[in-house]
Amino acid sequence: MRKLLVVVDMQNDFIDGALGTKEAEGIVENVKAKIREYAPDDVFATRDTHHEDYLSTQEGKYLPVPHCIQGTDGWQIRPDIADLLTANQIVDKPTFGSTDLAEKIATLYDRENGDLSVELCGLCTDICVVSNALLLKATRPEMSIEIDSSCCAGVTPEKHEAALETMRSCQVQVK
């Protein structure tokens, strides 16, 4: 069975920038080790992508902290992680979950006759990781989806745990 890895939003702003946390900093080495377990063609990554008008968007009104503004250093995937990724496997997304990524993986799932599983890791467990995991589950409900909790961090440790529990409830395997 072919297994894909999705690395969610390992960007400077989420690690040690505008919305960074010590928990996010603490998973960097685990994420790098996880990426090295996969063939480069089996690794996808997402990049949260906002524009200068961020504060006037719905998200900006609820989270009034400019972050991941396209072209800024904070938008970039952390360099030591980016070095492990293939540029054409990075999907920019304007919101928490990526429908483009879900469609790409669904196409691969169909091409592999259902012989495909996905593992996710990254930031933030309670926002973008859970959103992408549930989008993938909704798109292909029979696809096996896993989360490596040691390679994820939430906005807070409590929200991280709550998101893991939500994913378990939705038949996402959490390890």
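Just so it is clear, the model here is predicted, and its values are computed rather than measured.

1. Considerations on the pairing of strand β5 (residues 144–153)
Here is step 1: Most of β5 is tucked away: seven of the 10 residues are buried.
Here is step 2: In this structure, strand β4 (residues 116–123) lies alongside β5, joined through six bridges in parallel fashion. Looking across to β5, one finds that L120 is bridged to I147.
Here is step 3: This β-α-β element, β4 to helix α6 (residues 125–139) to β5, shows right-handed connectivity.
Here is step 4: With two bridges joining them, β5 and strand β6 (residues 173–174) adopt parallel strand pairing.

2. With respect to the side chain of S117
Here is step 1: Its location among the elements puts S117 in strand β4.
Here is step 2: If near-sequence neighbours (up to four positions away) are discounted, S117 is found in contact with M1, R2, K3, L4, M143 and S144.

3. A closer look at the side chain of K32
Here is step 1: Within the fold, K32 resides in helix α2 (residues 22–36).
Here is step 2: Excluding residues within four positions of it along the chain, K32 makes contact with D80, I81 and L84.

4. A closer look at the pattern of salt bridges
Here is step 1: Summed over the entire model, instances satisfying the criterion amount to 18 salt bridges.
Here is step 2: K34 is paired through a salt bridge with E119; the nearest N and O atoms lie 3.0 Å apart. Separated by 85 residues along the polypeptide, K34 in helix α2 and E119 in strand β4 bring together distant segments of the chain.
Here is step 3: The exposure class of E119 is buried, given its relative accessible area of 1%.
Here is step 4: Among the salt bridges present, the one from E119 reaches K175, with a minimum N-O distance of 3.2 Å. Taken together, the positions of E119 in strand β4 and K175 in the segment after β6 put the pair 56 residues apart, joining distant regions of the chain.
Here is step 5: When salt bridges with common partners are traced through the structure, they connect K3, K34, E37, E119, E146, D148 and K175 into a single cluster.

Cut-offs used in this document
Residues numbered from 1 in each chain as written. Predicted model: local features only at pLDDT ≥ 70, side-chain atom pairs only at ≥ 80, totals over all residues. Heavy atoms only, no water. Buried < 20%, exposed > 50% of the residue type's maximum accessible area, 1.4 Å probe, protein only. Helix = DSSP H or I, 4+ residues; strand = E, 2+ residues; numbered from the N terminus. Pairing = 2+ DSSP bridges. Right-handed = clockwise from strand over helix to strand, strands pointing away. Contact = heavy atoms within 4.5 Å. Salt bridge = Lys/Arg side-chain N within 4 Å of Asp/Glu carboxyl O.

Read these as geometric descriptors, not functional statements.
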